[in-house]
Amino acid sequence: MAEVSQPVVSVVPEDEGKAKFKKSENVAFYRRQVQGPNQQHRALLDTLVLTEKGARLQLLEPDTQTTLLLSVSACKNDTVRILIDELQPIKARYRVPDVMTGEPQCEQLRVERRSQDSVTLSWSSGRHRVRVWHFPFRLEVLCEDEAMVTFNHKGKLWFEPLQDPPRGTSHGSELQDDHTGSLWKETFRQFVDIKANGPSSIGSDLCLHGFSHVYGVPEHADGLQLRDTRDGDPYRLYNLDVFAYDVYSRLGLYGSVPLLVAHKPDRTVGVFWLNASETFVNVHYSPSDHQDGQTPPVKRKRTEPQTDVHWLSESGVIDCVVLLGPGPRQLFTQYAQLTGYQALPPLFALGYHQCRWNYDDEADVKAVDAGFDRHGIPYDVIWLDIEHTEGKRYFTWDAALFPEPAALQRHLEKKKRKLVVITDPHIKIDPDWSLCAEARDGGHVVKNREGQIFKGSCWPGDSYYLDFSSPDTRAWYSRCFGLDKYKGSTPSLFVWNDMNEPSVFDGPEQTMPKDAVHYGGWEHRELHNMYGFYQHMATAEGLITRSGGSERPFVLSRSFFAGSQRLGAVWTGDNVASWEYLSISIPMLLSLSVTGIAFCGADVGGFVQDPEPELLVRWYQAAALQPFFRGHSAKGTKRREPWLFGEKVTAAIRTVIRQRYCLLPYWYTLFHLAHTSGLPPLRPLWVEFPEEQSTFTVDNQYMIGGALLARPVTDPRVQEVKVLLPGSGEVWYDIHSAEAHTGGRTLSLPVTLDTVPVFQRGGSVVCRSTGSGSCTADQQQLPLSITVALNSQGVADGELYLDDGHSFSYRDRKAFCLRRFSMLSGRLLCRPAGEEGRFDCDAVVQSVTVLGLKSKPSSVELRVSGAKDSSAAFEYMESCCMLTVSGLKLRVAMDWEIQIQEG
């Protein structure tokens, strides 16, 4: 949360007409690169050397005589890495550590063709090649000799070498703001940023040939498809605490993932720009509406589309990975292999979370907890914001409000529920507080440019900021979560990292000055976008360490970077209780999903302001169909527990939360898939229907896995919504009425306040619990029901993943069960989905529903290995071609089949 109910501490009031946050025109390195002359680099082909990891050669910029070193490597998983650094920098430039999970396995390159103008490199995996052109330098990634991606296509490669400060100055601080001095010193409002080694920005453009749809580079409150930026701001990647952010904006928000994904019917590619400093992305589609009008329309139609993407970063090196797909699934796996797979969350984390800034005291928490039981609404986690602490000192409890925190956690744990508390990255300056003294004396805090401890203002007032970029600091912080150290905590306490952009109330753009200094002497500018990622890492490691490595952690973080998916969940920050924020939450979550951050959600109901009851119901309906599901509201808003708006609203919310719990076996299976393949649970339609152009711009509906299509209602007082049902050969079944619809058309669907449009795709099998229980632990004990939706060929299949829901035994002892259900020619088979997995589970299937069965069967036979064949009771509804087989007790872990005999 940003500051809501109290003024910013010790900040100069807003100058009239001057915004708190920068736009691109306020950023010197952006202006220099966009306005400056294109630097004409030459590739010195005679310097080419083939190495174990690929190829290296020098680039020369004749005007400045700057020599750069280009390294190219081809990796075994169809990715190409382009790395550019100074040949001989005056000191090492920052290279982002800890994001990539390991060095990718490189292929040996060989020279396939060489001429005066270019050299073509190939490698063993076949279809792809790299061609480097001498002048003007550009690098093409080819598939079957056709350029797919060209690096430096428009000659925008930019690289400012590090410099020693001019003599007689301290870091350039005495230079005047003349044409030289402004390169060393930058002023925004009352803040001065002094660059220790002068301007150091980098940039390049890439042309994506044949593509006219690109996605990704979150976080922005914008549509799923990135817009052409010629008519406005570039997309900014700079993690900031932006309270009640504008919608349809390209300005930076809380997190940054510098991955752009381009898609066309026969190919998906990605560009990963590994840089943690302030970054801008310009997108130019061509041909586009921006044509000069001179081209005759006939000729214009024949022009091959392309998208030019220009990346500009303040510092570091150029480290750019091109992911070659060829399809969305392969691309998600390639990216996960680079930066890590989505962590498998503990099952409780996929349940419903109830949060408020702030629940008042222990009695309040217990009353809210009891309210859920009284109203028959399942939930798993209740959250405490900053007021639970003693004067905003994290790892403490307010003794008057929370005198027995461990007893409170045990009270919740008896019902198998959890408590989440907040820990922010700032530490209240209080010499009498042992944690503050440990942080200061242990060298665990960020310094200012003079080498003194950096002090900033946040919720506690004057604060130190922990330097999570230091491995020692992360280890120290992780130990703070030990049960012996964190008094009042128990193993059922989990953690929320907020304000970790980092938010500094009296800092430039309400964040840390770029010339603050971190571990290793690196300036904050180099690693700003990773600050929250590092806190998230230290917190997750702390919870794992607390359990001796046996229990999965749950940590929610507001700030994130590439790789944050390995650590836990994120949410979209301080949104507003309005219909437009409900609408924008869907493309925001889809953008996160296609860039690896699969465990994501938005505050249900809007963090600030008070939602009208209809909006609240619609938000619950949407969020119940999204990965992370948490109701949250700010101080000063009216209480918002689901039973406070009358029985009609309570009933509607109860229904969707229960439906969420029933669907948890399917959600959990999808998270297993994300954890093993990188495929996100929440998917834009084009991921499942890659050849259908009609899906490429849709961002108000989405797929949950491959089986369910959701179209949440996001407008007030509507009586009808339009739903695109893709795939002309597909069959779609309304999950509420079982009515079948053919694909390849847009359906007009009448809706009431109770309608949540969800369709199951023909050809899929979805497993649900037969009830919701009061929390996920209850729900795990319930039998399962299976819905088989037949496609036009009468075929369907799907999987179910089960484990203990909380430990790492699935990983360490292969204690899991992965089963496949497949239907063909009237036979439903339950079989193992793979060789691995030994989990002794008692889960049973109680009923099977088959949708799309054309005629009533004469009988339904059960065949279970090691038992006699038997017949099963069934019902058939002719009106919707639905067969229900009930009264079953089929163990999921055993092989069995159901044979439907034709009538």
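Could you give an account of the nonpolar core, naming the residues involved and the relevant values?
Counting residues in hydrophobic clusters, the biggest one holds 164 residues, and the most contacted among them are Phe272 and Phe554. It is helix α11 (residues 579-594) that provides the largest number of residues to this core, a total of 10 residues. When sequence neighbours within four positions are dropped, the list of residues in contact with Phe272 reads Val99, Met100, Pro258, Leu259, Asp319, Cys320, Val321, Leu323, Tyr335, Leu338, Thr339 and Ala562. One finds Trp123, Phe211, Val309 and Cys320 within the second-largest nonpolar core, a separate group that totals 51 residues.

How would you sum up the state of the cysteines? Please name residues and give values.
For the structure shown, the criterion picks out 0 disulfides. Residue Cys143 stays outside any disulfide, its sulfur separated by 16 Å from that of Cys207, the closest cysteine. Take Cys143: its relative accessible area is 8%, and that puts it in the buried class. With no disulfide of its own, Cys817 lies closest to Cys841 among cysteine sulfurs, the gap being 4.1 Å.

How would you explain unusual backbone geometry if you had to name every residue and give the values?
Only a minority of non-glycine residues have a phi that is not negative, and only a minority of peptide bonds are not trans. With omega at 15°, the peptide bond leading from Gly325 into Pro326 counts as cis. Along the polypeptide, Pro326 turns up in the loop between β20 (318-323) and α4 (328-339). Residue Trp357 is joined to Asn358 through a cis peptide bond whose omega torsion reads 10°. Tracing the chain through its elements places Asn358 in the loop between β21 (352-354) and α5 (362-374).

Give a detailed account of the pairing of strand β12 (residues 191-194), specifying residues and quantitative values.
Relative to β12, strand β11 (residues 185-188) runs antiparallel, the two being bridged by 4 bridges. Looking at β12, one finds that Lys185 is bridged to Ile194.

Give a detailed account of the sheet that holds strand β25 (residues 455-458), specifying residues and quantitative values.
If you trace the 3 strands from one edge of the open sheet to the other, you get β24-β26-β25, paired in antiparallel fashion. Here the strands that pair on one side only, and so sit at the sheet edges, are β24 (426-428) and β25. The average undirected angle you get between the axes of adjacent strands in this sheet is 55°. Bridging between β24 and strand β26 (residues 461-465) involves 3 bridges; their strand directions are antiparallel. What sits directly across from Ile427, in β26, is Tyr464.

Would you mind going over the packing of aromatic side chains in detail, with residue names and values included?
Using the criterion set out here, one finds 44 aromatic pairs in the structure. Measuring from centroid to centroid gives 6.4 Å for Trp357 and Phe607, while their planes differ by 0°, and the two rings are stacked. With Trp357 in the loop between β21 and α5 and Phe607 in the loop between β30 (600-601) and α12 (613-623), this pair connects stretches of sequence that are 250 residues apart. Classification of Trp357 by relative accessible area gives buried; the value is 1%. Among the residues examined, Phe607 registers a relative accessible area of 0% and is labelled buried. With a centroid separation of 5.7 Å and 50° between ring planes, the pair formed by Tyr668 and Tyr801 is classed as tilted. Linking Tyr668 in helix α14 (residues 664-677) with Tyr801 in strand β42 (residues 796-802), this pair joins segments that are 133 residues apart in sequence. Residue classification places Tyr668 among the buried positions, given a relative accessible area of 4%.

Let's hear about the pattern of salt bridges: which residues, and what values?
Should their charged atoms come close, side chains of opposite charge can pair. The final tally for this structure, using the stated rule, is 63 salt bridges. One salt bridge in this structure joins Glu140 and Arg131, with 3.6 Å as the shortest N-O distance. The two residues Glu140 and Arg131 agree in class, both being buried. In this structure, a network of salt bridges that share partners links the residues Glu186, Asp193, Lys195, Arg236, Glu278, Glu314, Glu509, Lys514, Glu523 and Arg525.

I'd like a description of the packing of helix α8 (residues 471-479) against helix α10 (residues 531-546), backed by residues and values.
Between α8 and α10, whose axes approach to 8 Å, the crossing angle comes to 45°. Here α10 runs oblique to α8, going by the angle between their axes. Judged by the twist between their axes, the crossing of α8 over α10 is right-handed. In this structure, α8 contributes Arg474, Tyr477 and Ser478 to the contact, and α10 contributes Tyr534, Gln535, Met537, Ala538, Thr539, Glu541 and Gly542. By residue class, the composition of the contact of α8 with α10 is 4 nonpolar, 4 polar and 2 charged.

Talk me through the sheet that holds strand β23 (residues 418-422); I want residue IDs and the actual numbers.
The strands that make up a sheet pair up through hydrogen bonds in the backbone, lying either parallel or antiparallel. Strand order in the open sheet formed by 8 strands is β30-β29-β28-β27-β23-β22-β21-β31, with parallel pairing between adjacent strands. Each having just a single partner strand, β30 and β31 (629-631) make up the two edges of the open sheet. Two elements, strand β29 (residues 569-571) and β30, share 2 bridges in a ladder whose sense is parallel. Note on β30: the bridge partner recorded for Trp571 is Gly601.

Calculation criteria
- Residues numbered from 1 in each chain as written.
- Predicted model: local features only at pLDDT ≥ 70, side-chain atom pairs only at ≥ 80, totals over all residues.
- Heavy atoms only, no water.
- Core = buried A, V, L, I, M, F, W, Y, C linked by side-chain atoms within 4.5 Å.
- Buried < 20%, exposed > 50% of the residue type's maximum accessible area, 1.4 Å probe, protein only.
- Helix = DSSP H or I, 4+ residues; strand = E, 2+ residues; numbered from the N terminus.
- Contact = heavy atoms within 4.5 Å.
- Disulfide = S-S within 2.5 Å.
- Pairing = 2+ DSSP bridges.
- Axes fitted to C-alpha atoms, helices over the stretch in contact; angles between N-to-C directions.
- Phe/Tyr/Trp six-rings, centres within 6.5 Å; stacked < 30°, edge-to-face > 60°.
- Salt bridge = Lys/Arg side-chain N within 4 Å of Asp/Glu carboxyl O.
- Parallel < 35°, antiparallel > 145°, perpendicular 65-115°, else oblique.
- Left-handed = near helix turned anticlockwise from the far one by under 90°.
- Nonpolar A, V, L, I, M, F, W, Y, C, P; charged D, E, K, R; others polar.

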